[in-house]
Amino acid sequence: MNLDNSKPNVFVTRPDFPEVGINILKEKCLITTWNNSSVIPKEELLKHVVGKQAIFCYSANKIDAEVLEAAGPYLKVIGTFSVGCDHINLKECQKRGIRVGYTPDVLTDATAELTMALLLATTRRLIEANKQVYTGGWSSWSPKWMCGPGLKDSVIGIFGFGRIGQEVAKRCVPFKPKQILYTSRTEKEVAEEIGAKYVEFKVLVTSSDIVIACCPLNDETRNIFNKNVFTNMKKSVVFINSSRGGVVDQEDLYNALKNGNIYAAGLDVTTPEPLQLDDPILTLPNIVISPHIGSANIATRNDMSIVTAKNIVLGLQGQEMISEVK
Ligand code: NAP
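Caption draft 1: Broad picture of the site of the ligand. Taken together, 28 residues surround the ligand, and among them R163, I164, T186, K188 and D268 come closest. In the environment of the ligand, an oxygen atom lies 2.5 Å from a nitrogen or oxygen atom belonging to the side chain of K188. Here a nitrogen atom of the ligand and a side-chain polar atom of D268 are 2.8 Å apart. Coverage of the ligand by the protein chains reaches 88% of its 930 Å² of free accessible surface. Looking at side-chain class alone, the shell around the ligand contains nine nonpolar, 13 polar and six charged residues.

Structure (structure tokens):
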């Protein structure tokens, strides 16, 4: 119960967000925390948000109209510990005058770095090769064994040329690709500096040796990588997704990988998350999957916690947030 009416009430959806941010929040707000580090069930979320002025959440918490309705008229701010906002009904927030804070920029480098790790691990079959060391598959040296495509002289196509996409492109340059292509809703001036060329989506997917999804999940990008697109890609293509699982029709991706329509895939994001252990996609040799760890470096996660907390405090004070969804 809130005995200090001068402080706003904030609901925090898990107990283990980095303390650096939670301590900022504690100074200014009264916090109720879901004390279990698994995803809060919907019915508990609906109960716990009642009467709160702000919610500190993350990408696994679906903040839909029902949650906003349950929270009631005092809810003023949602602070999400993520740059992706596809789990929040933004239109409904806008309608209700609820401000949404998020964490762009601070996670850009970490996510670009992980995307490169996934790209290298997938093209050079690193995980598959590593397993051989432990399972007796490593016999005498063999000239064709564990070969994969390199990045040198490849055409790299980046879908979504925003903060992360641009940083991925910059990190690709030292690997000496033949060309870097990108598709976005708008052409970017910075592309010239990086040496990337704007092309339409169809050109991107048909001419690239490596396709990297760095877009947000929205109505236009949902399932955009589907059977039709995989069929039109080069058979030698390596597909990387560090954006959201929902941009890929995963069954179509499975079939494309299994049938050899595309060469390999590296995913940091899947549908669902976590993947079930009996998911058929886990039986494929030509896939590398990491468990949504794009921003998982220690400093980045601390920064994300600070930004989320400050967004909430500033938002509740009616001030400009560090990063607000507009
Ligand atoms: P951003 O700066 O907003 O960049 C997104 C880019 O995608 C923009 O260039 C945008 O184009 C483009 N885009 C959006 N809708 C499009 C469409 N329908 N067709 C073509 N291009 C489209 O966002 P960011 O900071 O780079 O983050 C991108 C996404 O990465 C996030 O939304 C999140 O889902 C994901 N992410 C994942 C992790 C992870 O742990 N794996 C970590 C961080 C972020 P315009 O600029 O022309 O509008």
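Caption draft 2: Seen up close, the packing of helix 1 (residues 19-28) against helix 12 (residues 298-316). Viewed as axis vectors pointing N to C, helix 1 and helix 12 meet at an angle of 20 degrees, and their least axial separation amounts to 7 Å. One finds that helix 1 runs roughly parallel with respect to helix 12. The chirality of how helix 1 crosses helix 12 is right-handed. Of the residues in helix 12, those in contact with V20, G21, I22, I24, L25 and K28 of helix 1 are N302, S305, I306, A309, K310, I312 and V313. When its residues are assigned to classes, the contact of helix 1 with helix 12 shows eight nonpolar, three polar and two charged.

Caption draft 3: Summary view of the sheet that holds strand 12 (residues 287-289). The strand order 8-7-6-9-10-11-12 describes an open sheet built from seven strands, whose pairing is parallel. Looking along the sheet, the strands with just one partner apiece sit at the ends: strand 8 (196-198) and strand 12. Taken over all neighbouring pairs, the strand axes of this sheet differ in orientation by 15 degrees on average, direction set aside. Strand direction decides the pairing type here: strand 6 (residues 155-159) and strand 9 (residues 210-213), joined by four bridges, are parallel. Each residue of the ladder has a partner; that of G157, found in strand 9, is V211. Together, strand 9, strand 10 (238-241), strand 11 (264-267) and strand 12 form the strand contacts of helix 5 (residues 108-123), whose direction differs from that of strand 10 by roughly 155 degrees.

Procedures and definitions
- Residues numbered from 1 in each chain as written.
- Predicted model: local features only at pLDDT ≥ 70, side-chain atom pairs only at ≥ 80, totals over all residues.
- Heavy atoms only, no water.
- Near = heavy atom within 4 Å.
- Polar contact = N/O pair within 3.5 Å; in protein donor to acceptor, adjacent residues only side chain to side chain.
- Areas by Shrake-Rupley, 256 points an atom, 1.4 Å probe, with all protein chains shown as cover.
- Nonpolar A, V, L, I, M, F, W, Y, C, P; charged D, E, K, R; others polar.
- Axes fitted to C-alpha atoms, helices over the stretch in contact; angles between N-to-C directions.
- Helix = DSSP H or I, 4+ residues; strand = E, 2+ residues; numbered from the N terminus.
- Parallel < 35°, antiparallel > 145°, perpendicular 65-115°, else oblique.
- Left-handed = near helix turned anticlockwise from the far one by under 90°.
- Contact = heavy atoms within 4.5 Å.
- Pairing = 2+ DSSP bridges.

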